[in-house]
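# Inside the fold
Now for the letters of each chain:
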Amino acid sequence: MLVSGGGSNLAALLAAHGDPAYGARVVGVVSDTADAGGLTVARDAGVATAVVAPSDFADRAAWDAALAEAVRVFGPSLVVSAGFMRILGAPFLDRFGGRFGGRVINTHPALLPSFPGAHGVRDALAHGVKVTGCTVHLVDAGVDTGPIIAQRAVEVAADDDEASLHERIKTVERALLVDVVGRIARGGLVVDGRRARLLG
């Protein structure tokens, strides 16, 4: 799993993976920053961690290659990017599944293709939407442009600000991510062009 922040999505997956029927286990956590709270969440759960900081590398390509190698060591069948605030480059995507990332999924706090990028919640509010939500999608070389696997809607309240709306989205996002990862592990995922279909 790839994390940059506090690790709430990671904590949700760790809570689920204790059940053998769930079908998936978190085997390792990699962060781009040594002070990410998600690393503490992982270590407290006995999950191995690694840090691959961009500042430790001469250029972006070298960092991408090192990130791919750090993840490879854990031998994952699926890479989950959840709150990881970096775009994954070609060296990483080539290693983990080719077109559309293959084995790499990401969460986003908006109903893609609307409001991609780092400020999805803020952008949705600024646009005045009445409904937003969250998306789990395959990762490609773009910014939140890979095929959509699953989405859930969240209504925007009249008194919402960015923080209150984001908190409600995150609650829904955690449940959606846990559901999608489990279904991929138990049944698989089929991708046909832009269409992604869960089999589990």
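Let me begin by describing the structure that accompanies this report. (Residues numbered from 1 in each chain as written. Predicted model: local features only at pLDDT ≥ 70, side-chain atom pairs only at ≥ 80, totals over all residues. Heavy atoms only, no water.)

## What to know about the pattern of salt bridges
Considering all chains together, one arrives at nine salt bridges under this definition. As a salt-bridge pair, K170 and E167 come within 2.9 Å of each other at their nearest N and O atoms. A residue pair is termed a helical-turn pair when its members lie 3 or 4 positions apart in one helix, as K170 and E167 do in helix α6 (residues 162-187) at three residues. Classification of E167 as partly exposed rests on a relative accessible area of 44%. Salt bridges sharing partners connect three or more residues here, namely E69, R72 and R95. (Salt bridge = Lys/Arg side-chain N within 4 Å of Asp/Glu carboxyl O. Helix = DSSP H or I, 4+ residues; strand = E, 2+ residues; numbered from the N terminus. Buried < 20%, exposed > 50% of the residue type's maximum accessible area, 1.4 Å probe, protein only.)

## So, the environment of G200
Inspection of the secondary structure puts G200 in the segment after β9 (195-198). As for G200 and S114, which are separated by 86 residues in sequence, their C-alpha atoms are 27 Å apart. Residue contacts for G200: discarding those within four places in its chain leaves R183, G187 and G188. (Contact = heavy atoms within 4.5 Å.)

## Details of the packing of helix α5 (residues 120-127) against α6
It is at 10 Å that the axes of α5 and α6 come closest, and there the two elements cross at 120 degrees. When the axes of α5 and α6 are compared, the pair comes out oblique. Note that α5 runs across α6; the crossing there is right-handed. Facing α5, whose interface residues are V121, R122 and L125, α6 presents E162, L165, H166 and I169. (Axes fitted to C-alpha atoms, helices over the stretch in contact; angles between N-to-C directions. Parallel < 35°, antiparallel > 145°, perpendicular 65-115°, else oblique. Left-handed = near helix turned anticlockwise from the far one by under 90°.)

## Some thoughts on the packing of helix α1 (residues 8-17) against α6
Put simply, α1 and α6 touch, their axes get as near as 9 Å, and they point 45 degrees apart. With respect to α6, the axis of α1 lies oblique. Here α1 and α6 pass one another in a crossing that is right-handed. From α1, S8, N9, A12, L13 and A16 reach across to α6, where they touch E173, R174, L177, V178 and V181.

## Focus: the layout of surface pockets
Taken as a whole, the largest pocket spans an internal volume of roughly 790 Å³. As for the largest pocket, its lining consists of 35 residues, of which G83, F84, M85, T107 and P109 are closest to the centre. Put simply, the parts of the chain that give the lining of the largest pocket at least two residues each are α1, β5 (104-108), α5 and α6. With four residues, α6 is the largest single contributor of residues to the lining of the largest pocket. What the second largest pocket holds in volume is close to 330 Å³. Lining the second largest pocket are 21 residues; nearest its centre among them are R25, V26, V27, S77 and L78. Contributions of two or more residues to the lining of the second largest pocket are made by α1, α3 (60-74), β4 (79-81) and α6. A per-element tally of the lining of the second largest pocket places α6 first, with three residues. Of the residues assigned to the lining of the second largest pocket, the class counts are 16 nonpolar, four polar and one charged. (1 Å grid on protein atoms, 1.4 Å probe; cavity = no way out; pocket = protein on both sides within 12 Å on 5 of 7 lines; lining within 4 Å. Points joined across faces, edges and corners; volume = space filled by probe spheres on them. Nonpolar A, V, L, I, M, F, W, Y, C, P; charged D, E, K, R; others polar.)

Such coordinate-based values are descriptive only and should not be taken to indicate function.
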